[in-house]
Amino acid sequence: MDETRPTFAVRWRSLRNRILLAPRFHRIALASPVGRFFARRSARKLFDLTAGFVYSQVLVAGVRSKLFEHLVEGPATVSEIAAATGLPEDAARRLLAASASLDLTDRLADGRFMLGAQGAALLANPGVAAMIRHHDALYADLRDPVAALERRGGGDLARLWNYDGDTGEPSAETASYTALMAASQDLVARETLRLFDVRPFSAIVDIGGGNGRFLTHVADRNAHAELHLLDRPSVLPLARDALSHRPDKERFTLHGGHFLTAPLPENCDLVTLIRVLHDHDEEVVERLLRRVYETLEPRRGTLLVSEPMAGARARSRIGDAYFNLYLQAMGSGRPRMASELCDMLRQAGFRRVRALPSGMPIATSAIVAEIG
Ligand SMILES: Nc1ncnc2c1ncn2[C@@H]1O[C@H](CSCC[C@H]([NH3+])C(=O)O)[C@@H](O)[C@H]1O
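Residues numbered from 1 in each chain as written. Predicted model: local features only at pLDDT ≥ 70, side-chain atom pairs only at ≥ 80, totals over all residues. Heavy atoms only, no water.

The name given to the chain in an unreviewed UniProt entry is Methyltransferase domain-containing protein, and the organism recorded there is Fulvimarina endophytica.

What follows is the structure in structure tokens.
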């Protein structure tokens, strides 16, 4: 095939762009109902991209002022919301109107407001509110997005996610990121464990397991397996604390150490890596996968990887837009495509490697790797 000849994909996009760039096209488009429909749709999409930051800040204002919690009680007037949130009445009116336009609240015909569909979804997923609150650090780092793309780390997010140095005691930052991950874990665990059955395994280690939230979901589905968690020593007191209320707490063994150097429990037939690999650069991931392979090889065990992934042809908003910039600001790692992770797993020695079809890629995608 002639490499210099534009493919159909290129020719069609060039034509589309020439049309979209021509002022005459817009006049013609607006003259017909179908043209108006597409022009409106495209204008709205571009406006949403332009105003996205303002929408996010409406959300932040709603979360911080506890607007949505107040509306759970039922319909409320602007004055009632102003009193409940402590906002001046005019400010409450603006916030309610803005949030109604984003389906976070609904405006009733009598002028009162109720919780909207997105507001209800937000309250049903406490992890999202935790994520929204911690966006202060991300947005501070992204204030100058070009500068953020040029440098790596060095800002607020890098300070929050500091995996270096470990005194064995959780710093405020370690406690904060561990709580954030735990708050968003339920959705990830439910989807991961819907895709993958943990019942057949007898000893399971969750590497980078945080405060143990994922393992508690595993424990609820598998009543007999030994459960091990490995994380940085300073995360362990948080895990001990979080697990201390469970009647089955004796089942959990906690290991503190660096995942590249600490001994991994030897008898495990399942290793899980949940939202761990995307935080690390290639060399660390390659070494970690190789270690996991060597640990599992004698027992012909299985590795389960679950995290948000980049999309083929950069079509995953969470992977290619959100985490791509997030991890750049954080200073290490990158979202990887399932196919890239599968290649890395094969490189590490795994033979039977397959991506599981996630029904909720915005939360997570999963890959299973076996010795073969
Ligand atoms: N070198 C390391 N050794 C052990 N744990 C690590 C290392 N680097 C990062 N981590 C841990 O990896 C976790 C990534 S956050 C993911 C936590 C959990 N699996 C969840 O999905 O909710 C954090 O708990 C970190 O402390």
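**Student:** What should I look at first to understand the overall build of the chain in this one?
**Tutor:** A tally of regular secondary structure across the chain gives 17 helices and 9 strands. For the C-alpha atoms alone, the extent of the chain along its principal axes is close to 70 × 70 × 40 Å. The 372 residues of the chain split such that 43% are buried. Of the contacts made within the chain by residues no fewer than 6 positions apart, 66% connect residues no fewer than 24 positions apart. If you sum the accessible surface of the chain, you get close to 20,200 Å²; carbon and sulfur atoms cover 56% of it. Averaging the locations of the 48 positively and 44 negatively charged side chains of the chain gives two centres separated by 9 Å. (Helix = DSSP H or I, 4+ residues; strand = E, 2+ residues; numbered from the N terminus. Buried < 20%, exposed > 50% of the residue type's maximum accessible area, 1.4 Å probe, protein only. Contact = heavy atoms within 4.5 Å. Areas by Shrake-Rupley, 256 points an atom, 1.4 Å probe, with all protein chains shown as cover. Lys, Arg positive; Asp, Glu negative; His and termini not counted. Charge placed at Lys NZ, Arg CZ, Asp CG, Glu CD.)

**Student:** Which parts of the structure should I look at to understand the site of the ligand?
**Tutor:** Taken together, 16 residues surround the ligand, and among them Tyr-177, Gln-185, Gly-208, Asp-231 and Ile-274 come closest. Between the ligand and Arg-275 there is a distance of 2.9 Å, counted from an oxygen atom to a side-chain nitrogen or oxygen. Considering the ligand on its own, with 570 Å² of exposed area, one finds that the protein chains cover 97% of that surface. When its residues are assigned to classes, the shell around the ligand shows 6 nonpolar, 6 polar and 4 charged. (Near = heavy atom within 4 Å. Polar contact = N/O pair within 3.5 Å; in protein donor to acceptor, adjacent residues only side chain to side chain. Nonpolar A, V, L, I, M, F, W, Y, C, P; charged D, E, K, R; others polar.)

**Student:** Can you help me understand the UniProt feature "domain: O-methyltransferase C-terminal" (unreviewed entry) in the chain in this one?
**Tutor:** UniProt records the feature "domain: O-methyltransferase C-terminal" (unreviewed entry) at residues 171-351, using the numbering of this structure. For residues 171-351, helix accounts for 44% and strand for 15%, while the C-alpha atoms at its two ends are 40 Å apart. (UniProt positions renumbered as here; feature names shortened; annotations may be inferred.)

**Student:** Looking at this structure, I do not really get the nonpolar core. What am I missing?
**Tutor:** In summary, soluble globular proteins display a tendency toward joint burial of nonpolar side chains. In terms of nonpolar packing, the biggest core is built from 32 residues, with Ile-207, Leu-273, Leu-289, Leu-303 and Phe-350 touching the most fellow members. Elements with a contribution of two residues or more to this core: strand S3 (203-207), strand S6 (270-274), helix H15 (282-296), strand S7 (302-307), helix H17 (338-347) and strand S9 (365-370). Of all the elements, H15 adds the most residues to this core, at 6 residues. Filtering out sequence-adjacent residues up to four positions away, Phe-350 remains in contact with Leu-289, Val-292, Tyr-293, Leu-296, Leu-303, Leu-345, Ala-369, Glu-370 and Ile-371. Core analysis: the second largest hydrophobic core is formed by 24 residues, Leu-193, Ala-225, Ile-274 and Leu-304 among them. (Core = buried A, V, L, I, M, F, W, Y, C linked by side-chain atoms within 4.5 Å.)

**Student:** It is not clear to me how the pattern of salt bridges should be interpreted in this structure. Could you clarify?
**Tutor:** Any two side chains of opposite charge can pair, on the condition that their charged atoms come close. What the rule picks out here adds up to 21 salt bridges. Between Asp-220 and Arg-246 there is a salt bridge, with its nearest N and O atoms 3.0 Å apart. Remark: Arg-246 occurs in the loop between helix H14 (236-243) and strand S5 (252-256) and Asp-220 occurs in helix H13 (residues 213-221); sequence separation between them is 26 residues. On the basis of relative accessible area, Asp-220 is assigned to the exposed category, the value being 56%. Of the charged contacts, one joins Arg-251 and Asp-248 as a salt bridge, the two residues approaching to 4.0 Å between their closest N and O atoms. For the pair Arg-251 and Asp-248, one class covers both residues: buried. When salt bridges with common partners are traced through the structure, they connect Asp-220, Arg-246, Asp-248 and Arg-251 into a single cluster. (Salt bridge = Lys/Arg side-chain N within 4 Å of Asp/Glu carboxyl O.)

**Student:** What is the right way to read the environment of Ala-97 from this model?
**Tutor:** Mapped onto the secondary structure, Ala-97 falls in helix H6 (residues 89-101). Classification of Ala-97 as partly exposed rests on a relative accessible area of 31%. For the pair formed by Ala-97 and Arg-107, sequence separation is 10 residues and the distance between their alpha carbons is 7.8 Å. In contact with Ala-97, not counting residues within four places along its chain, are Arg-107 and Phe-113.

**Student:** Can you walk me through the environment of Asp-269 in this structure?
**Tutor:** If you trace the backbone, Asp-269 turns up in the loop between S5 and S6. Spatially, the C-alpha atoms of Asp-269 and Val-205 are 8.5 Å apart, while their sequence positions differ by 64 residues. Once you skip the residues sitting within four places of it in the chain, Asp-269 turns out to touch Phe-201, Ser-202, Ala-203, Leu-296, Gly-301 and Thr-302. A polar contact is formed between the side chain of Asp-269 and the backbone nitrogen of Ser-202, at a distance of 2.9 Å.

**Student:** Can you help me understand the confidence of the model for the chain in this one?
**Tutor:** Interpretation of the predicted coordinates at a detailed level should be avoided for regions scoring low in pLDDT. Mean pLDDT for the chain: 95, with 99% of residues reaching 70 or above. As scored by the predictor, the complex reaches a pTM of 0.94 and an ipTM of 1.00. (pLDDT = per-residue confidence, 0-100.)

**Student:** I would appreciate a short explanation of helix H11 (residues 172-183) in the present structure.
**Tutor:** For the α-helix, the turn length of 3.6 residues means that residues three or four positions removed from each other point alike. Spanning 12 residues, H11 covers 16 Å between terminal C-alpha atoms, matching the ideal 16 Å at 1.5 Å per step. All of the buried residues along H11 are Thr-174, Tyr-177, Thr-178, Leu-180 and Ala-182. Turning to H11, the residues buried within the fold contact helix H8 (126-141), helix H10 (156-160), helix H12 (185-195), H13 and H14. (Expected span 1.5 Å × (residues − 1).)

**Student:** Can you help me understand the packing of helix H2 (residues 23-31) against helix H3 (residues 33-64) in this one?
**Tutor:** When two helices pack together, their arrangement is given by the angle between the helix axes and the distance between those axes. The contact between H2 and H3 brings their axes to 5 Å, and the two run at 120 degrees. Between H2 and H3, the interaxial angle falls into the category oblique. Contacts between H2 and H3 involve Ala-29, Leu-30 and Ala-31 from the first element and Pro-33, Gly-35, Arg-36 and Ala-39 from the second. Tallied by class, residues from the contact of H2 with H3 come to 5 nonpolar, 1 polar and 1 charged. (Axes fitted to C-alpha atoms, helices over the stretch in contact; angles between N-to-C directions. Parallel < 35°, antiparallel > 145°, perpendicular 65-115°, else oblique.)

**Student:** Explanation requested: H14 in the structure shown.
**Tutor:** Every buried residue of H14 is accounted for by Leu-236, Ala-239 and Leu-243. Viewed along the axis of H14, the buried residues span an arc of 60 degrees, placing them on a single side of the element. Where the residues of H14 are buried, they touch H13, strand S4 (226-231) and S5. (Arc of directions from axis to C-beta.)

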